[in-house]
Amino acid sequence: MDRIVILTGAGISAESGLGTFRDEGGLWARHRIEDVATPEGFARDAELVHDFYNARRKQAARARPNAAHRALAHLQAEHAGEVVIVTQNVDALHEAAGSIGVLHMHGTLARALCAHCGHRWSAPDEMAADTPCPSCGHGAARPDVVWFGEMPHHLDEIWELLQGATLFAAIGTSGQVHPAAGFALQAREAGAHTVELTLERSQVSDDFDETRNGPATRVVPDWVSGILRGRG
Ligand code: APR
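Just so it is clear, the model here is predicted, and its values are computed rather than measured.

## Describing the sheet that holds strand β5 (residues 120–122)
Sheets are built from strands paired through backbone hydrogen bonds, the pairs being either parallel or antiparallel.
Part 1 of the argument: Taken in spatial order, the three strands of this open sheet run β5-β4-β6, and their pairing is antiparallel. A single partner strand is all that each edge strand has here, and the edge strands are β5 and β6 (141–145). For this sheet the average axis-to-axis angle between neighbouring strands, irrespective of direction, equals 45 degrees.
Part 2 of the argument: Sheet strands in contact with helix α5 (residues 46–62) are β4 (107–114) and β6, and its direction is about 50 degrees off that of β6.

So, in structure tokens, the structure goes:
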């Protein structure tokens, strides 16, 4: 039985209106990573961090999945082999398109985490530093997203999946953040065919057997229909 492992990044949600990080005018052009996406930044100014994620949570809640998200859900539903989606994205557009078992290695905007006791719950629309934890009551709520310097989720499971992958695709990611940026080489070493589907070549394009450039809403449905017609 074949196994397709798909890694997605901000580029797959770009055409749903959600900004990417490193494109022209992206999120990191307008916010300092050290202020809004590190534990130190949260310790320094929790309200600034909550404002940043409250705005992203609101925008993500308004966004709708696009043809690329829907094509991946269709692949999961129709393909005879295993199809696993690993995403760096914190939006819920894969699930909204019907995908199942999505591994959110950088967490999700939809969840809150108690920095005091580790309890996780559905994030309120507006979260603040004094939002009480439903479990321990402390006002230590933070977004349940992985910040720079923190360990991404599901890494053991992802490494196992890559070892047995027959096909690995990276969609809409610039390949600038590890460990996700190294998945293509790991899959290739394990014998998988590797393909990169992004708007333009990334700094890790040479790690892939194949690169197809263009907007995800065109390139991903084409790629999926090729697989389902039996041409990978
Ligand atoms: N279709 C396909 N790809 C696109 C599109 C599009 N419409 N628009 C942009 N892209 C591509 C860009 O060419 C780029 O390669 O999406 C990629 C976006 O790269 P980044 O902004 O760096 O986003 P990502 O790779 O997901 O960042 C990884 O970095 O800041 C951290 O935690 C954050 O998960 C994020 C991680």
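## Side note on the pairing of β6
Part 1 of the argument: Most of β6 sits inside the fold, with five of its five residues counted as buried.
Part 2 of the argument: In this structure, β4 lies alongside β6, joined through four bridges in antiparallel fashion. Looking across to β6, one finds that C114 is bridged to A141.

## What about the site of the ligand?
Part 1 of the argument: Near the ligand there are 23 residues, and of these A10, F21, R22, T173 and S174 occur at the shortest range.
Part 2 of the argument: In this structure, an oxygen atom belonging to the ligand sits 2.7 Å away from a side-chain N or O atom of T173.
Part 3 of the argument: A distance of 2.6 Å separates an oxygen atom of the ligand from a polar side-chain atom of S174.
Part 4 of the argument: Out of a free accessible area of 740 Å², the ligand has 94% covered by protein chains.
Part 5 of the argument: When residues are assigned to domains, the shell around the ligand turns out to be shared by domain 1 (1–18 + 64–106 + 152–232) and domain 2 (20–62 + 109–145), each giving three or more.

## Things to note about the packing of aromatic side chains
Part 1 of the argument: Tallied over the full model, the rule gives seven aromatic pairs.
Part 2 of the argument: Relative to W147, the ring of F42 lies with its centre 5.2 Å away and its plane at 40 degrees, an arrangement referred to as tilted. Placement of the pair is F42 in helix α4 (residues 39–44) and W147 in the loop between β6 and α8 (155–163), with a sequence separation of 105 residues. For the pair F42 and W147, one class covers both residues: buried.
Part 3 of the argument: Look at Y53 and W147: their rings are 6.3 Å apart centre to centre, the planes differ by 45 degrees, and that puts the pair in the tilted class. Taken together, the residues span a long stretch of sequence, with Y53 in helix α5 and W147 in the loop between β6 and α8 at a distance of 94 residues.
Part 4 of the argument: By relative accessible area, Y53 is classed as buried at 4%.
Part 5 of the argument: Classification of W147 as buried rests on a relative accessible area of 2%.
Part 6 of the argument: A network of ring pairs unites the aromatic residues F21, W28, F42, F52, Y53, W147 and F148 as a single cluster.

## Looking at the pattern of salt bridges
Part 1 of the argument: In total, this model carries ten salt bridges according to the counting rule given.
Part 2 of the argument: Here D35 and R44 are joined by a salt bridge, their closest N and O atoms 3.3 Å apart.
Part 3 of the argument: Given the relative accessible area of 55%, R44 is considered exposed.
Part 4 of the argument: The partner of E126 in a salt bridge is K58, and the shortest N-O contact between them spans 2.7 Å. With a gap of 68 residues between them, E126 in the loop between β5 and β6 and K58 in helix α5 connect regions that are remote in the sequence.
Part 5 of the argument: A relative accessible area of 46% means that E126 is categorised as partly exposed.

## So, the side chain of N66
Part 1 of the argument: Here N66 lies in the loop between α5 and α6 (67–78).
Part 2 of the argument: When its relative accessible area of 6% is taken as the criterion, N66 is described as buried.
Part 3 of the argument: A polar contact is formed between the side chain of N66 and the backbone oxygen of I12, at a distance of 2.8 Å.
Part 4 of the argument: Ignoring sequence-local partners within four residues, the contact set of N66 consists of I12, S13, E15, S16 and T217.

## A closer look at the nonpolar core
Part 1 of the argument: Of all hydrophobic cores here, the largest spans 21 residues; its most connected members are I4, I6, L72, L75, V220 and W223.
Part 2 of the argument: Elements with a contribution of two residues or more to this core: β1 (3–8), α6, β2 (82–87), β7 (167–171), β8 (193–198) and α10 (216–228).
Part 3 of the argument: Sorting elements by how many residues they give to this core places α10 first, with six residues.
Part 4 of the argument: Not counting residues up to four positions away in its chain, the partners in contact with L72 are I6, T8, I12, I85, H94, S99, I171, V220, W223 and V224.

Rules and cut-offs
- Residues numbered from 1 in each chain as written.
- Predicted model: local features only at pLDDT ≥ 70, side-chain atom pairs only at ≥ 80, totals over all residues.
- Heavy atoms only, no water.
- Pairing = 2+ DSSP bridges.
- Helix = DSSP H or I, 4+ residues; strand = E, 2+ residues; numbered from the N terminus.
- Axes fitted to C-alpha atoms, helices over the stretch in contact; angles between N-to-C directions.
- Contact = heavy atoms within 4.5 Å.
- Buried < 20%, exposed > 50% of the residue type's maximum accessible area, 1.4 Å probe, protein only.
- Near = heavy atom within 4 Å.
- Polar contact = N/O pair within 3.5 Å; in protein donor to acceptor, adjacent residues only side chain to side chain.
- Areas by Shrake-Rupley, 256 points an atom, 1.4 Å probe, with all protein chains shown as cover.
- Domains from an automatic or database assignment.
- Phe/Tyr/Trp six-rings, centres within 6.5 Å; stacked < 30°, edge-to-face > 60°.
- Salt bridge = Lys/Arg side-chain N within 4 Å of Asp/Glu carboxyl O.
- Core = buried A, V, L, I, M, F, W, Y, C linked by side-chain atoms within 4.5 Å.

Treat this as a map of the structure, not an account of what it does.
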